Every structure is written in C-alpha cells, then in structure tokens.
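Structural overview for review
Here is what each chain is made of, one letter per residue.
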Amino acid sequence: MTAETQQPVASSWTTGTVREVERIGDNFVRLRLEVADRTDHVPGQHYVLRLRAPDGYTAQRSYSIASDPDDPLVELLVECLPRGEVSSFLHEVAEVGDEFELRGPIGRWFVWGGTTPSLCVAGGSGVVPFVSMMRYARRTGTEPLLRVVASAQHRDKLPYADELESYGAFIALTRENQPLPDGSERVAAHIYPEEIVPLADGIERAYVCGSVGFVSFVGRILGEAGVRSDAVRVEQFGPTG
Ligand SMILES: Cc1cc2nc3c(=O)[nH]c(=O)nc-3n(C[C@H](O)[C@H](O)[C@H](O)COP(=O)(O)OP(=O)(O)OC[C@H]3O[C@@H](n4cnc5c(N)ncnc54)[C@H](O)[C@@H]3O)c2cc1C
C-alpha cells in the first residue's frame, strides 16, 4: 500500500495552537501550528480553519498544508486578500498562542504519495500544497519523481521562492524579466507550451493549483504539451474554488 491509498479520513474538529507567525511583506502570513490529536497528512491535503467570534459567529476557509508530514508542526501559508474576511484576520491579527478550530487533513484526490512521476504547476499561493510535496520528496529521496513549475507576477508575490529555486523548480514571472543560467534573459510572460514540454516528458500525472483562470490556462497548455486530460488533477483557490 502507498501513502496515497492509506490516506487518513477527515477527522472531527480539533484545536490548532499557533506556535510561530511570520508576516511576509504585505501579501502573506506563514502560520505554524501545533495540532491536537493530529492525524498525519499526505502531501497535497488541506485543513479547514474556523474562526469563531465571541458572539458565536463563525467563518471557515480551506488552507493547504505546506509542511512535510514528518514536521512536528503544521504549516499554513495564507495570502492576504483585500477585504478577505479570514485571510485579513490571519494576516493582521493572528499571534503566537492563538487557538483556531481545525478539521483535517482533508482530500483524497489532490495528493502525492511519492511514487508517481508527476509535474506540479502552481500559480501564486497555489504553490502551497506543492511545498509539502517537495519537502516530502527531499526527505524520502524521491525528488526525481516530482517536477515543479511555479508562476507569479513578480518574485515577491511567489511564496517560498527561495525554496522553490533550491529544489530546482522552473519559475515563470509574468511581469518581471528573469536572468537565465545561460546568461540570457527570460522575458516576462506566462508559461508557454515549449517550457512545459520537456518538464512533462515521462510524467504520469500533473497537478495544477491556483486561481480559476490559471488552472484553465494551464490545462490548455498541458494538453498542447501532450498530457492526457485524465492525468491532470486540479485544485482551485479562487472565489469559486
Ligand atoms: C482546497 C483549498 C485549499 C486552499 N489553500 C489555500 C492556501 O494554502 N493559501 C491561501 O491563501 N488560500 C488557500 N485557499 C483559499 C482560501 O480557502 C480562501 O478562499 C481565501 O483565504 C480567501 O478567504 P477570505 O475569507 O480571506 O476571503 P473572502 O472574504 O471569502 O473573499 C473576499 C473577496 O475575495 C474574493 N476571493 C476569495 N478567494 C479568493 C482567491 N483565492 N483569490 C482571489 N480572490 C478571492 C472573493 O470573491 C471576495 O470578493 C484554498 C482553497 C481551497 C478550496
């Protein structure tokens, strides 16, 4: 049995206590939580986080897990959306010692158990589940099975950019030119099919995560690169996600 077929079922509500908070510019907050009665996750899974006001009002949202299953803390990375109810609260108010209601790990489809040759394609904060996959791949020596492509407007809008680079991920910036190893420059642009073709060679599965527009765009270029649609697994973070 592989880690994918042994996926834990979604647990009931538990408590996550914030042990570390890092605010990354105006855009992101990284939370590391100690989760009571924690069930190990499979990379790609997420938690539902519920905020509860003193008057009993609640608001809940899904957040992918960035940490390796072996990490004693669960790491979440939240993009702060303008007027976003939960993301703004986490970005502006959350502090060490806070307790949030959590349910998870959740997800049986968008998971990678370390055995299937795969390509991950992320837009912006859609990179979070792939960070868990990369960390798991590094720990288990399965990096050759997992290729990662990440896209963002600017480098400072791409969470975990340093870690992605050190993993060897292909990064495509859409509004910033990038120096390439051969001394030339990648002109700011969306990922184009010619960039995906060599990365898709030999894969059996593709994971795509990002906004609604991003996943639809990437679905198209994966098709052009010869990836079968039934090999593509999608997670949408956008308003209709
Ligand atoms: C399985 C899953 C995993 C997710 N993982 C992550 C994660 O790891 N990190 C993360 O930051 N988010 C993640 N999300 C998105 C997250 O659940 C919330 O939707 C997001 O934080 C916005 O919630 P909010 O309460 O701040 O905004 P809301 O108050 O719900 O919305 C505020 C405004 O922003 C719009 N909006 C809502 N969501 C988005 C969006 N994602 N992009 C652009 N506009 C939006 C709404 O239409 C509205 O106009 C995930 C979603 C899913 C379904």
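Residues numbered from 1 in each chain as written. Predicted model: local features only at pLDDT ≥ 70, side-chain atom pairs only at ≥ 80, totals over all residues.

1. Observations regarding the overall build of the chain
The criterion, for reference: Under the DSSP-based scheme used, a helix requires at least four consecutive residues in state H or I and a strand at least two consecutive residues in state E, with every element numbered from the N terminus. Radius of gyration: C-alpha atoms only; globule rule: 2.2 Å multiplied by the number of residues to the exponent 0.38. Any residue surrounded by 20 or more other C-beta atoms within 10 Å of its C-beta is treated as buried, while 12 or fewer makes it exposed and the intermediate range makes it partly exposed; C-beta atoms here are placed from the backbone. For every residue pair, C-beta atoms are placed from the backbone, and the pair is scored as a contact if these atoms sit within 7 Å.
Secondary structure assignment for the chain yields five helices and 13 strands. In summary, the chain has a C-alpha radius of gyration of 18 Å against a globular reference of 18 Å for 241 residues, a match within 12%. In terms of overall dimensions, the chain has a C-alpha envelope of 55 × 45 × 30 Å along the principal axes. Every one of the 241 residues in the chain was classed for burial, and the buried ones make up 36%. Counted over contacts in the chain with a minimum sequence separation of 6, partners at least 24 positions apart contribute 66%.

2. Here's the deal with the sheet that holds strand β13 (residues 232-236)
To keep things clear, this is the line we draw: Being paired, for any two strands, means DSSP has found at least two bridges between them. Comment: axis = line fitted to C-alpha atoms, over the contacting stretch for helices; angle = value between 0 and 180 degrees taken between N-to-C directions.
Pairing is parallel in the open sheet, where five strands are placed in the order β9-β8-β7-β12-β13. Of all the strands in the sheet, just β9 (170-173) and β13 have a single pairing partner and so form its edges. For this sheet, the mean inter-axis angle between neighbouring strands, taken without regard to orientation, is 15 degrees. Across five bridges, the pairing between strand β7 (residues 118-123) and strand β12 (residues 205-210) is parallel. Directly across from V121, in β12, lies its bridge partner V208. Along the sheet, helix α4 (residues 193-200) contacts β7, β8 (146-152), β9 and β12; its crossing angle with β9, the most-contacted strand, is approximately 165 degrees. Relative to the sheet, helix α5 (residues 212-224) contacts β7, β12 and β13, its axis offset from that of β12 by approximately 155 degrees.

3. Here's the deal with the domain arrangement of the chain
For interface size, the figure often reported is the accessible area lost on association. Quick note on the threshold: Segmentation of the chain into domains, including their bounds, is taken from an automatic or database domain assignment. For this scheme, ten residues count as nonpolar: Ala, Val, Leu, Ile, Met, Phe, Trp, Tyr, Cys and Pro. Four count as charged, namely Asp, Glu, Lys and Arg, and the remainder, Gly too, count as polar.
Taken as a whole, the chain is organised into domain 1 (14-106) and domain 2 (118-236). Using C-alpha coordinates to define each centre, domain 1 is positioned 24 Å away from domain 2. If you look at the interface, domain 1 gives 15 residues, while domain 2 gives 13 residues. Considered class by class, the residues forming the side of domain 1 that touches domain 2 number seven nonpolar, five polar and three charged.

4. Structural notes on the pairing of β12
Short version of the rule: For a crossover, the right-handed case is the one in which the path from the first strand over the helix to the second runs clockwise, viewed with the strands pointing away from the viewer.
Of all the six residues making up β12, five are buried; the element is thus mostly covered by neighbouring parts of the structure. Relative to β13, β12 runs parallel, the two being bridged by five bridges. Bridge pairing in β13 places G210 opposite Q236. Following the chain from β12 across α5 to the adjacent parallel β13, one finds a crossover that is right-handed.

5. Some remarks on unusual backbone geometry
The linkage connecting G104 with the following residue, P105, adopts the cis geometry, with an omega of 5 degrees. Along the polypeptide, P105 turns up in strand β6 (residues 99-106). Its identity as a non-glycine residue notwithstanding, D37 has a phi of 50 degrees, on the positive side. Structurally, D37 can be placed in the loop between β2 (28-35) and β3 (46-52). Positive phi, close to 65 degrees, is recorded for R83, a residue that is not glycine.

6. A word on the nonpolar core
Put simply, the test is: Think of a nonpolar core as buried Ala, Val, Leu, Ile, Met, Phe, Trp, Tyr and Cys residues, each tied to the set through C-beta atoms within 7 Å.
By size, the foremost hydrophobic cluster in this structure holds 58 residues, and its most contacted members are C120, V127, F130, V148, V149 and A150. Looking at which element gives the most residues to this core, the answer is helix α2 (residues 128-140), with seven residues. Once residues lying within four places of it in the same chain are set aside, the contact partners of F130 are C120, A122, V148 and C209.

7. With respect to the packing of α4 against α5
Packed helix pairs are specified by the crossing angle of their axes together with the interaxial distance, meaning the distance between the axes. The line we're drawing: Crossings are sorted by hand: turned counterclockwise from the far helix by less than a right angle, the near helix makes the crossing left-handed, and turned clockwise it makes it right-handed.
Relative orientation of the contacting elements α4 and α5 amounts to 65 degrees, with a least axis distance of 9 Å. Our pair here, α4 against α5, has a crossing hand that is right-handed. Only I221, L222 and E224 of α5 make contact with α4, whose side of the interface consists of P193, I196 and A200. Among the residues making up the contact of α4 with α5, the classes are represented as five nonpolar, no polar and one charged.

8. A closer look at the sheet that holds β3
Spatially, six strands are ordered β4-β3-β6-β1-β2-β5 in an open sheet, and the strand pairing comes out antiparallel. In the strand order of this sheet, the two ends are held by β4 (58-64) and β5 (74-79), each with one partner. Along the sheet, successive strands turn relative to each other by an average axial angle of 35 degrees, direction set aside.

9. With respect to the environment of V131
When you line up the elements, V131 lands in helix α2. Take V131: there are 27 C-beta atoms within 10 Å of it, and that puts it in the buried class. The spacing of V131 and E163 is 32 residues in sequence and 8.3 Å in space, taken between C-alpha atoms. If sequence neighbours within four positions are ignored, V131 has contacts with A66, Y160 and E163.

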